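# Reading the structure
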Amino acid sequence: MSDTTHDGAVALSTPPSADDGLTSAALAAKYGLTVSGARPGLFEYIRQLWGRRHFILAFSRAKLTAQYSQAKLGQLWQVATPLLNALVYYLIFGLILGTRKGMTQDVFIPFLVTGVFVFTFTQSSVMAGVRAISGNLGLVRALHFPRASLPISFSLQQLQQLLFSMIVLGAVAVAFGSYPSLSWLLIIPALVMQFVFNTGLALIMARLGSKTPDLAQLMPFVMRTWMYASGVMFSIPVMLKDKPAWIADVLQYNPAAVYMDLIRFALIDGYGSQNLPAHVWVVALGWAVLIGLVGFVYFWKAEERYGRG
């Protein structure tokens, strides 16, 4: 429509709109608009993750294949690295420092190798989780997908690597007199619970590491301290028998020690139930459920902030 001014000119005016006076939120609601990258509800987020399950698996396999692609021995380093670590620990702690107190040689060597392999599973999952978001910003910013796919995929990668190592671990156990039996089946639930625990921890570290990249420089020191406190190279009850009982209890009930002891108990004939803390299976399940749920919810809470800023 038009209006005539006092000097005879014609001015055009815009008719009033039905949207005049509406706030941004009201306009978005009226036209069904949503914030790009907004965090979905928890159950919708789980549904989206399930829809990306093939991507998660393929991504973990690709990362595992590429990890040693530049090395001549390739995937053999998946097994050789923890074995070499176990050899170093045996020379230092087993022979020089004598930490195999209370165990025969046939028990101590599988005990040590199991501890190194199982703890490395947790250690690698945590370290990969720290860099899951900050180390993949290009992917996070370019594509829309549930960000939890990345730390879950990295934890799955470490599980696949451990499964390769379990073949060697079984061979070491047999070489020192622990032959396959029904107790070996207990390794399966122990590894499942440890995987859930590791994934929850990786999710927590992924959120922390997304805003604090320097955390990746600090974590090796934290993980080394955790390793020494978890009885990787020695029996906690034997080495701390002269100390207050609560110290040994705290160290034995820490999750890294719990999962190591469960797999040692399942695998090694000479490592009996007397070496395990009370209600160890309940404790292992509790750690898995607690850290798994807390880690998932904690990561989901910051979903819309990953890759921004």
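Here is a short report on the structure shown in this document. (Residues numbered from 1 in each chain as written. Predicted model: local features only at pLDDT ≥ 70, side-chain atom pairs only at ≥ 80, totals over all residues. Heavy atoms only, no water.)

### Let's talk about the side chain of T199
Structurally, the position occupied by T199 is in helix α8 (residues 187-211). What makes T199 buried here is its relative accessible area of 10%. Among the polar contacts listed, one links the side chain of T199 to the backbone oxygen of F195, at a separation of 2.8 Å. Discounting residues that sit within four places of it in the chain, T199 has contacts with I152 and S155. (Helix = DSSP H or I, 4+ residues; strand = E, 2+ residues; numbered from the N terminus. Buried < 20%, exposed > 50% of the residue type's maximum accessible area, 1.4 Å probe, protein only. Polar contact = N/O pair within 3.5 Å; in protein donor to acceptor, adjacent residues only side chain to side chain. Contact = heavy atoms within 4.5 Å.)

### Notes on helix α13 (residues 280-300)
Taking 1.5 Å as the rise per residue, α13 with 21 residues should run 30 Å; its terminal C-alpha atoms sit 30 Å apart, in good agreement. Of all the residues in α13, the buried ones are V280, V283, A284, A288, I291, G292, G295, F296, F299 and W300. Of the surrounding secondary structure, the elements contacted by the buried residues of α13 are α2 (42-51), α7 (149-175), α8 and α12 (255-267). (Expected span 1.5 Å × (residues − 1).)

### Some thoughts on the nonpolar core
Counting residues in each nonpolar core, the largest one holds 85 residues, and the members touching the most others are F119, L150, M219, M233 and F299. If one sorts the elements of this core by residue count, helix α5 (residues 105-130) sits on top with 15 residues. (Core = buried A, V, L, I, M, F, W, Y, C linked by side-chain atoms within 4.5 Å.)

### Notes on the packing of α5 against helix α9 (residues 215-229)
Running from N to C, α5 and α9 cross one another at 165°; their axes reach a closest spacing of 10 Å. With respect to α9, the element α5 is oriented roughly antiparallel. You can see that α5 and α9 cross each other, and the crossing is right-handed. Residues F119, T122, Q123, V126, M127 and V130 of α5 form the contact with α9, whose participating residues are L215, A216, M219, P220, M223, W226 and M227. (Axes fitted to C-alpha atoms, helices over the stretch in contact; angles between N-to-C directions. Parallel < 35°, antiparallel > 145°, perpendicular 65-115°, else oblique. Left-handed = near helix turned anticlockwise from the far one by under 90°.)

### Notes on unusual backbone geometry
For H279, which is not glycine, the phi torsion reads 55° and is therefore positive. Topologically, H279 is positioned in the loop between α12 and α13.

### Side note on the side chain of D261
Tracing the backbone through its elements, the reader meets D261 in helix α12. For D261, a relative accessible area of 5% translates into the label buried. One polar contact links D261 to Y271, side chain to side chain, over a distance of 2.8 Å. For D261, the contacting residues outside a window of four places in its chain are Q252, Y271, N275, L276 and P277.

### Let's talk about a nonpolar patch on the surface
Together, L84, L87, V88, L91, I92, L95, I96 and L97 make up an exposed nonpolar region whose accessible area comes to about 750 Å². Residue position: L97 is located in the loop between α4 (77-96) and α5. (Patch = residues over 30% accessible without salt bridge, like charges linked within 9 Å, V, L, I, M, F, W, Y side chains within 5 Å. Areas by Shrake-Rupley, 256 points an atom, 1.4 Å probe, with all protein chains shown as cover. Salt bridge = Lys/Arg side-chain N within 4 Å of Asp/Glu carboxyl O.)

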